[in-house]
Amino acid sequence: MTIIQTARYDMAPDTIAIVGGVVLTEEGLVRADLVIEHGLITALGTDVVLPEGATVLEAKDCIVGPGFVDLHTHLREPGKEQAETIATGARAAALGGYTAVVAMPNTDPVLDSAFVVRAVLDLGAVSTCEVAVAGAITVGRKGESLAPIAELAKLGVQLFTDDGSGVQHGGVARRALDYCRGLGVTYAEHCEDNAIAAGGVVHEGEWSAKLGLPGQPASAEEAMVARDLLLAGELGARLHLLHLSTSGSVELVRQAKHAGINVTAEAAPHHFTLTDAALESYDAVFKVNPPLRPEHHVQAIIDGFADGTIDAVATDHAPHTPETKDLPFDEAPPGMLGLETAFSLTFERLVLGAKMSIEQLFAVMSMNPARIAGLDAASSRPYGHTPHGKPVAVGNVANLVVIDPEATWTVEGSSLASLAANTPYEGRTMHGAIRHTVLRGEPVVLEGKATR
Ligand code: NCD
């Protein structure tokens, strides 16, 4: 990795205009054009005079809203750059409508030191989407001694997690939650009790039995959700639960929220669009952690979004090279691509499926994740970021997405911008597409194509 100085608005053309669309403003969805000058929204309305020489982005029949924010992206750099780099992952993110992503710490080396975190933030600063970092909660993600959380928090790191594994030791989790509370940062958990999961590579049930693959029960996730909710409630700490996948987890979070516990939760599109019946093919492209589950769990995740128990769609974008994904099922690594398909899947299943409005889609894909990641306000820390997840308004930094609800497209792993191709949606026709993505006033995606 090379260390590069941060660049901010320098890539933006002087003036751009987005015309003909319906815009998500503080007053809701309104027909409006907007003008962006030097990265800032300077005019919004139906009678806007377009400045001469402006780069015009057509948005007829489209919706213009705040760019999406992904709470859960595996960028693989440093360590596995053959699967993804920060640059390729950020390009995939921009094509998926994201203007900010949170990079997970399970890289090699792990993101548990200021040196490595700085290097990732430096590369993120010149890519096509803003890159924030989730720091490891324990040194080397080993679940033993705490990482230098205070030092990383000074760099602006807001989320701490050993994602890829849960913190197994309840005492370590409790100390980490307490430490995070003191620093005003958030403890995020990958909920998986290894002793209960017992090495299971799929959900324990009908399909694990049919395929003869070791299964892990839903309780492997739910036991850690319950433990962490108790600890967070007792300490008054802020807890974020990563990639929830079971009906029991959703119910536990629902009750905890009613009880006033400071918890937020995310779920990934594959957990509300696929069931473990996909494993019939024995194809490791469907191997993911937490595993795909039966239909009643999928329905519970959807219901969790519908009633606000689940706050955010998170991709858990997990690129893997074909060499590793082609290994026998139990040897292949878990994980699937997500950045370029998340919007269409959420739009299809939750909006077209009449579970939420388009405004709520922006809440779960932009506003809520921006707030959870602390990316909703500008940060002037050494590695500052611009605000994300705000309704479109004059004076805001132009971090925007333009979505086309009528467009359809077909997923082709080899054509995705991600370096890897491990999408479980190969050949599937998707409804709803990303037309343009604007980062700090720069059109990084124009008419569905990356500009750099
Ligand atoms: C993640 C990865 O590949 O980094 N894989 C996954 O299936 N979600 C790590 C993990 O959370 O297990």
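Asker: Just to check I follow, could you spell out the site of the ligand for this structure?
Answerer: Near the ligand you find 14 residues, and of these Arg76, Asn106, Asn289, Asp316 and His320 are the closest. A distance of 2.7 Å separates an oxygen atom of the ligand from a polar side-chain atom of Arg76. Relative to its unbound accessible surface of 310 Å², the ligand loses 94% to contact with the protein. Counted by class, the shell around the ligand contains three nonpolar, eight polar and three charged residues.

Asker: Before we go on, may I ask you to explain the sheet that holds strand E7 (residues 98-103) in this structure?
Answerer: Within a sheet, adjacent strands bond to each other through the backbone by hydrogen bonds, running parallel or antiparallel. Reading across from one edge, E6-E7-E8-E9-E10-E13-E14-E15 is the order of the eight strands in this open sheet, with parallel pairing throughout. If you trace the sheet from one side to the other, it starts and ends with strand E6 (68-73) and strand E15 (312-313), each paired once. Pairing of strand E8 (residues 130-135) with strand E9 (residues 159-160), which is carried by two bridges, proceeds in the parallel orientation. Bridge pairing in E9 links Ala134 to Leu159.

Asker: How should I be thinking about the packing of helix H4 (residues 170-183) against helix H7 (residues 219-235) in this particular structure?
Answerer: One can describe the packing of H4 onto H7 by two numbers: an axis separation of 10 Å at closest approach and a directional angle of 40 degrees. On the basis of their axis angle, the class for H4 and H7 is oblique. Crossing of H4 over H7 shows right-handed handedness. Along its contact with H4, which presents Gly170, Ala173, Arg174, Leu177, Asp178 and Arg181, the element H7 presents Arg227, Asp228, Leu231, Ala232, Glu234 and Leu235. Split by residue class, the contact of H4 with H7 holds five nonpolar, one polar and six charged.

Asker: Sorry, what's going on with helix H13 (residues 358-372) here?
Answerer: Residues that lie three or four places apart on an α-helix share one face, since the helix turns once every 3.6 residues. With 15 residues, H13 should cover 21 Å at 1.5 Å per step; its first-to-last C-alpha distance of 20 Å lies within 8% of that length. The sharpest bend along H13 measures roughly 40 degrees and falls at Val364.

Asker: Would you mind showing me how to read the nonpolar core here?
Answerer: For soluble globular proteins, the rule of thumb is that nonpolar side chains tend to be buried together. Phe68, Tyr187, Leu241, Phe305, Phe362, Met365 and Ile403 are the most contacted members of the largest nonpolar core, which has 77 residues in total. Of the residues that make up this core, three or more belong to each of domain 1 (16-64 + 389-450) and domain 2 (67-372). Within the second largest apolar cluster, 19 residues are counted, among which are Leu279, Ala284, Phe286 and Val288.

Asker: Please clarify how the domain arrangement of the chain should be interpreted in this entry.
Answerer: By a frequent convention, interface size equals the accessible area lost on bringing the separate parts together. Partitioning the chain into structural domains gives domain 1 (16-64 + 389-450) and domain 2 (67-372). Relative to domain 2, the C-alpha centre of domain 1 lies at a distance of 26 Å. Each partner contributes to the interface: domain 1 provides 38 residues, whereas domain 2 provides 49 residues. Across the domain 1-domain 2 interface, the total number found is two salt bridges. In this structure, Glu130 and Arg440 form a salt bridge, with 2.8 Å as the shortest nitrogen-oxygen distance. One can count 17 residue pairs in polar contact (both at pLDDT 80 or more) joining domain 1 with domain 2. Elements with a minimum of two residues in the side of domain 1 that touches domain 2: strand E16 (400-410), strand E17 (429-439), strand E18 (442-446) and strand E19 (449-450). Element by element, the count of residues in the side of domain 1 that touches domain 2 is highest for E17, at nine residues.

Asker: Whenever I open this one, unusual backbone geometry confuses me. Can you help?
Answerer: Glycine aside, residues mostly have negative phi, and peptide bonds are mostly found in the trans state. Each neighbour pair has its own omega, and for Glu77 with Pro78 the value is 5 degrees, a cis peptide bond. Position of Pro78 relative to the elements: it lies in the loop between E6 and helix H1 (86-95). Following Asn289, the chain continues to Pro290 via a peptide bond in cis, the omega torsion being -10 degrees. Locating Pro290 in the fold gives a position in the loop between helix H9 (270-273) and helix H10 (295-306). The phi dihedral of Arg76 falls on the positive side, at around 70 degrees, and the residue is not glycine. Counting through the fold element by element, Arg76 comes out in the loop between E6 and H1. The phi torsion at His243 lies on the positive side, around 20 degrees, for a residue other than glycine. Position of His243 among the secondary structure elements: in the loop between strand E13 (239-241) and helix H8 (247-258).

About the thresholds
Residues numbered from 1 in each chain as written. Predicted model: local features only at pLDDT ≥ 70, side-chain atom pairs only at ≥ 80, totals over all residues. Heavy atoms only, no water. Near = heavy atom within 4 Å. Polar contact = N/O pair within 3.5 Å; in protein donor to acceptor, adjacent residues only side chain to side chain. Areas by Shrake-Rupley, 256 points an atom, 1.4 Å probe, with all protein chains shown as cover. Nonpolar A, V, L, I, M, F, W, Y, C, P; charged D, E, K, R; others polar. Pairing = 2+ DSSP bridges. Helix = DSSP H or I, 4+ residues; strand = E, 2+ residues; numbered from the N terminus. Axes fitted to C-alpha atoms, helices over the stretch in contact; angles between N-to-C directions. Parallel < 35°, antiparallel > 145°, perpendicular 65-115°, else oblique. Left-handed = near helix turned anticlockwise from the far one by under 90°. Contact = heavy atoms within 4.5 Å. Expected span 1.5 Å × (residues − 1). Bend = angle between axes of the 7 residues up to and from the residue. Core = buried A, V, L, I, M, F, W, Y, C linked by side-chain atoms within 4.5 Å. Buried < 20%, exposed > 50% of the residue type's maximum accessible area, 1.4 Å probe, protein only. Domains from an automatic or database assignment. Salt bridge = Lys/Arg side-chain N within 4 Å of Asp/Glu carboxyl O.

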